[in-house]
Amino acid sequence: MADLARVEKIEKENREYKTSGNVIYLFPNAKEETVEEVDNKASNTTKKPRRKSEVYAKKAEDAKRMAEYFKTNEMWLHNLAFTLSCNTARRIGDSLKLTWDNLYNPATGNIRKEMVINEEKTSKFAVVPITKPVIDAINLYLANSKCNPAKNNYSEFVFMQLSGTHRGKVLSERAHLKAIKKALDPKNILNPGKIFDVE
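Residues numbered from 1 in each chain as written. Predicted model: local features only at pLDDT ≥ 70, side-chain atom pairs only at ≥ 80, totals over all residues. Heavy atoms only, no water.

Enquirer: Looking at this structure, I do not really get the nonpolar core. What am I missing?
Expert: Side chains of nonpolar character tend, in soluble globular proteins, to be buried together. Counting 26 residues, the largest nonpolar core has W100, L103, M115, I138, Y141 and F159 as its most contacted members. Listing elements by their share of this core, those giving two or more residues are α4 (76-88), α5 (92-96), α6 (100-103), β6 (114-119), β7 (124-129) and α7 (132-144). Setting aside anything within four residues of it in sequence, one finds W100 in contact with I138, Y141, L142, C147, P149, Y154, E156, F157 and V158. Residues M66, Y69, F82 and I180 belong to the second largest nonpolar core, which totals ten residues. (Core = buried A, V, L, I, M, F, W, Y, C linked by side-chain atoms within 4.5 Å. Buried < 20%, exposed > 50% of the residue type's maximum accessible area, 1.4 Å probe, protein only. Helix = DSSP H or I, 4+ residues; strand = E, 2+ residues; numbered from the N terminus. Contact = heavy atoms within 4.5 Å.)

Given below as structure tokens:
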């Protein structure tokens, strides 16, 4: 506790900012710098790049192989979630909260050309085009499941599980990430905590 008080006292003494006009005195004997000079110094500093420890698909071939795994094993919901995430560059959490009216126009019953996604992390809205691979994944999912997107005027969640023990619940991020791991590593050889290092 005494050390913390001493550190705070030293910081307080060293960080007394005295401002006069647009001149900042950082320390008692520091040279005078304008606000613009201080801002320029701050903007010219470079941060050390962060290293990510997990990456699921390292190459386009891995992504194609994973999508093929979902199709071969008839994991249509995971195929749609994976394809949507890859082709819209959205966080999986944002994708899993989509309703059918994000993808379909309720007035016409046709798939939209673009959708609006509310990004949970930033609270911003993003307009994202719906590409051909996403349309193909939607059609594949609808052809192989008993899902009716028009139910309740397109207000149902896209990733509602229609069978299994979690029937009626929206697919969770954890369940989808487990499916991605299984698609990438079907023999379960890799360490589950660390898939690939970024080079």
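After that view, the rundown keeps rolling.
Enquirer: For this particular structure, what's the right way to read a nonpolar patch on the surface?
Expert: Taken together, V116, F125 and V127 make up a surface patch of nonpolar side chains, about 320 Å² in accessible area. Judged by relative accessible area, F125 falls into the exposed class, the value being 64%. (Patch = residues over 30% accessible without salt bridge, like charges linked within 9 Å, V, L, I, M, F, W, Y side chains within 5 Å. Areas by Shrake-Rupley, 256 points an atom, 1.4 Å probe, with all protein chains shown as cover. Salt bridge = Lys/Arg side-chain N within 4 Å of Asp/Glu carboxyl O.)

Enquirer: How do you make sense of the pairing of β6 when you look at a structure like this?
Expert: Walk down a regular strand and you will see the side chains alternate between the two sheet faces. Only one face of β6 is covered, namely the one carrying M115, I117 and E119; the face carrying E114, V116 and N118 has none of its residues buried. Where β6 meets β7, six bridges bridge the pair, whose relative direction is antiparallel. Bridge assignment links E114 to a residue of β7, and that residue is P129. The hairpin turn running from β6 into β7, its antiparallel successor, is four residues long, and S123 in that turn takes a positive phi close to 60°. (Pairing = 2+ DSSP bridges.)

Enquirer: In this structure, what is going on with the packing of helix α3 (residues 60-72) against α4? I would like to understand it.
Expert: Two numbers describe a pair of packed helices, the interaxial angle and the distance between the axes. For the pair α3 and α4, the least separation of the axes is 8 Å and the interaxial angle reads 155°. By the angle between their axes, α3 is roughly antiparallel relative to α4. With respect to the hand of their crossing, α3 and α4 are arranged in left-handed fashion. Residues A63, M66, A67, F70 and K71 of α3 form the contact with α4, whose own contacting residues are W76, H78, N79 and F82. Residues that form the contact of α3 with α4 fall into these classes: six nonpolar, two polar and one charged. (Axes fitted to C-alpha atoms, helices over the stretch in contact; angles between N-to-C directions. Parallel < 35°, antiparallel > 145°, perpendicular 65-115°, else oblique. Left-handed = near helix turned anticlockwise from the far one by under 90°. Nonpolar A, V, L, I, M, F, W, Y, C, P; charged D, E, K, R; others polar.)

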